[in-house]
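Listed here are the chains, written in short residue letters.
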Amino acid sequence: FPEYVRTAKSCLKQLRKGHKKSGKNITHQLYLLKAEYAACKKFGSPEKFYLLAIEHAALSGVTHEHAYACERFGTYHFLRKNHNAAYEQIREAHTLYSKWGSRPKCEQLKKKYPRLGENERFLRGGLNN
């Protein structure tokens with residue numbers, strides 16, 4: 001785990017340098033890494049950074065990275081036992097991966113999160129659990 005944090009810190013440093021040169025292209029990646037780093041170090045506001053990553057990926061039109069940011073935010077919520085918020089993000093990730101055309105990723109999410117495949121009502125947000 002400490003090696004992961006060191007690697008994340010090093011990547012953040014490189015992304016910050018790259019952000020100065022071509023900020024718009026990698027802003028969402030920088031925010032996502034900040035979120036992951038803050039979550040690992042248990043400081044700051046990972047939620048804020050996840051939301052910024054999601055927003056900037058959507059604005060940049062990079063559907064697969066938008067989906068990935070939603071998936072990671074969902075995982076973050078699962079680790080904190082916030083299952084409703086987690087499934088909200090995982091549903092969004094599933095929708096985006098599907099829009100992007102990645103059937104294998106959609107199937108992977110359904111296997112990992114069985115509630116995604118329960119029924120259409122759940123996918124529309126009709127279940128509360």
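Nothing here was measured: the structure is a model prediction, and the numbers come from that model.

A. Region of interest: the overall build of the protein. In terms of helices and strands, the protein carries six helices and zero strands. Shown N-terminal to C-terminal, the secondary structure of the protein runs as helices and strands in the order α-α-α-α-α-α. Within the protein, the fraction of its 129 residues that count as buried is 41%. Residue pairs in contact within the protein that sit at least 24 positions apart in sequence constitute 44% of those at least 6 positions apart. Carbon and sulfur atoms make up 52% of the accessible area of the protein, which totals about 8100 Å².

B. Quick peek at the environment of F73. Along the chain, F73 falls in helix α3 (residues 63-79). Judged by its relative accessible area of 4%, F73 falls in the buried class. Considered as a pair, F73 and I54 are 19 residues apart in the sequence and their alpha carbons are 8.9 Å apart. Setting aside residues up to four positions removed in sequence, F73 forms contacts with E47, Y50, L51, I54 and Q89.

C. Examining unusual backbone geometry more closely. Backbone geometry at K81 places phi at a positive 65°, although glycine is not the residue there. With respect to the element layout, K81 can be found in the loop between α3 and α4 (83-100). For K81, a relative accessible area of 64% gives the class exposed.

D. Quick look at the packing of α4 against helix α5 (residues 103-112). Where α4 contacts α5, the two axes come as close as 8 Å, and the packing angle between them is 160°. Relative to α5, the element α4 is oriented roughly antiparallel. For the pair α4 and α5, the sense of crossing is left-handed. Contacts between α4 and α5 involve I90, A93, H94, Y97 and S98 on the former and, on the latter, K105, C106, L109 and K110.

Scoring rules and cut-offs
- Residues numbered from 1 in each chain as written.
- Predicted model: local features only at pLDDT ≥ 70, side-chain atom pairs only at ≥ 80, totals over all residues.
- Heavy atoms only, no water.
- Helix = DSSP H or I, 4+ residues; strand = E, 2+ residues; numbered from the N terminus.
- Buried < 20%, exposed > 50% of the residue type's maximum accessible area, 1.4 Å probe, protein only.
- Contact = heavy atoms within 4.5 Å.
- Areas by Shrake-Rupley, 256 points an atom, 1.4 Å probe, with all protein chains shown as cover.
- Axes fitted to C-alpha atoms, helices over the stretch in contact; angles between N-to-C directions.
- Parallel < 35°, antiparallel > 145°, perpendicular 65-115°, else oblique.
- Left-handed = near helix turned anticlockwise from the far one by under 90°.

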